[in-house]
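A closer look at the structure
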Amino acid sequence: MPGKYSLSIIHPGFELLKSLCRLLHLVAAILIAINAIHQLAAHEGSKIICYTQLIIAADIAIMVFFDAGLFFYKPKMAVLFRVIEAFTFAGIAVALVAENHPWFSIVNCLLAVAYLFIAYREWRIADAEAVEIQNNGIRFPNFFRDAKIKWLHVKKVVANYNSIRIETVQDKKVEFELRHNLKIDELQQINDFCRVHSQLSN
């Protein structure tokens, strides 16, 4: 019997983030372009920086409208663009401070932090979106940070061919739909593994 099982799941929060991926990229492109055009019109800041922002915004828009499938099939590419967007917002925030626009600078700073956090979560989705059943407990992804439940706190684990449900001794339930259906022998092994470790801890 293996010492660990990893089950790919469909996480509702992550699925929502995936569905919003293109929209968030488009919002970033629009905001970056608006800032660049405003600075050019107001004759503030370096023209080189403004044109660089317009090129970044155009690149993002092209990816959104003409190659959106790239973000789906290569999620780490979406993460790269998200990081570029975050650092662009951070650069805009610094420039606005230098130009004595503190409130707009704060807004762009918050956007930079938000996009960096989204990039981190997208990277985690691309890296591992799975429930891991281990000898020392069960780990599953959450939107803010991954959660881990030790076997001491696990009341019952019910694995079905298309879902898994975890019940704790505090009567909390966590249930996920599996991305791939389990085979009969896999299902039996996982249920046996969970039952043995749950009994050993209680």
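Residues numbered from 1 in each chain as written. Predicted model: local features only at pLDDT ≥ 70, side-chain atom pairs only at ≥ 80, totals over all residues. Heavy atoms only, no water.

**A look at the packing of helix 2 (residues 21–41) against helix 5 (residues 75–98)**
The angle between the axes and the distance between the axes are what describe a pair of packed helices. Where helix 2 meets helix 5, the axes come as close as 11 Å, and the angle between the chain directions of the two elements is 30 degrees. Here helix 5 runs roughly parallel to helix 2, going by the angle between their axes. The handedness of the crossing between helix 2 and helix 5 is left-handed. Contacts between helix 2 and helix 5 involve C21, L24, H25, A28, L31, I32, N35 and Q39 from the first element and A78, F81, R82, E85, T88, F89, I92, A95 and L96 from the second. Residue classes in the contact of helix 2 with helix 5 are distributed as eleven nonpolar, four polar and two charged. (Axes fitted to C-alpha atoms, helices over the stretch in contact; angles between N-to-C directions. Helix = DSSP H or I, 4+ residues; strand = E, 2+ residues; numbered from the N terminus. Parallel < 35°, antiparallel > 145°, perpendicular 65-115°, else oblique. Left-handed = near helix turned anticlockwise from the far one by under 90°. Contact = heavy atoms within 4.5 Å. Nonpolar A, V, L, I, M, F, W, Y, C, P; charged D, E, K, R; others polar.)

**Here's the deal with the layout of surface pockets**
By volume, the second largest pocket amounts to about 250 Å³. Lining of the second largest pocket is provided by 13 residues; of these, I34, N35, L96, F104 and N108 occupy positions nearest its centre. Breaking the lining of the second largest pocket down by element, the ones donating at least two residues are helix 2, helix 5 and helix 6 (102–127). Broken down by class, the residue content of the lining of the second largest pocket amounts to eight nonpolar, four polar and one charged. (1 Å grid on protein atoms, 1.4 Å probe; cavity = no way out; pocket = protein on both sides within 12 Å on 5 of 7 lines; lining within 4 Å. Points joined across faces, edges and corners; volume = space filled by probe spheres on them.)

**Considerations on the nonpolar core**
By size, the foremost hydrophobic cluster in this structure holds 23 residues, and its most contacted members are I133, I138, F140, W151, V157 and I190. Mapped by element, the contributors of at least two residues to this core are strand 1 (4–10), strand 2 (130–134), strand 3 (137–140), strand 4 (147–149), strand 5 (154–159), strand 6 (163–168), strand 7 (173–178) and helix 7 (184–201). Here this core gets four residues from one element, more than from any other, and that element is helix 7. Counting residues in hydrophobic clusters, the runner-up holds 15 residues, among them A28, I32, A57 and A112. (Core = buried A, V, L, I, M, F, W, Y, C linked by side-chain atoms within 4.5 Å. Buried < 20%, exposed > 50% of the residue type's maximum accessible area, 1.4 Å probe, protein only.)

**With respect to a nonpolar patch on the surface**
Nonpolar side chains collect at one region of the surface, where L16, L20, L23, V27, I30, L31 and I34 lie side by side and expose about 580 Å² of accessible area between them. Following the sequence through the fold, L16 ends up in helix 1 (residues 12–19). (Patch = residues over 30% accessible without salt bridge, like charges linked within 9 Å, V, L, I, M, F, W, Y side chains within 5 Å. Areas by Shrake-Rupley, 256 points an atom, 1.4 Å probe, with all protein chains shown as cover. Salt bridge = Lys/Arg side-chain N within 4 Å of Asp/Glu carboxyl O.)

**Observations regarding the pattern of salt bridges**
The tally for this structure, following the rule as stated, stands at six salt bridges. Note that R121 and D146 form a salt bridge whose closest N and O atoms lie 3.9 Å from each other. Taken together, the positions of R121 in helix 6 and D146 in the loop between strand 3 and strand 4 put the pair 25 residues apart, joining distant regions of the chain. Residue E167 is joined to R165 by a salt bridge in which the shortest nitrogen-to-oxygen separation is 2.9 Å. Owing to a relative accessible area of 21%, R165 belongs among the partly exposed residues under this scheme.

**Observations regarding the packing of aromatic side chains**
Per the counting criterion, the structure on display carries five aromatic pairs. When the centroid spacing of 5.4 Å and the interplanar angle of 65 degrees are considered together, the rings of F89 and Y115 count as edge-to-face. With F89 in helix 5 and Y115 in helix 6, this pair connects stretches of sequence that are 26 residues apart. Here F89 matches Y115 in class, with each residue buried. Taken together, a centroid distance of 6.5 Å and an interplanar angle of 65 degrees make the contact between W151 and F193 edge-to-face. Of this pair, W151 sits in the loop between strand 4 and strand 5 while F193 sits in helix 7, placing them 42 residues apart in sequence. (Phe/Tyr/Trp six-rings, centres within 6.5 Å; stacked < 30°, edge-to-face > 60°.)

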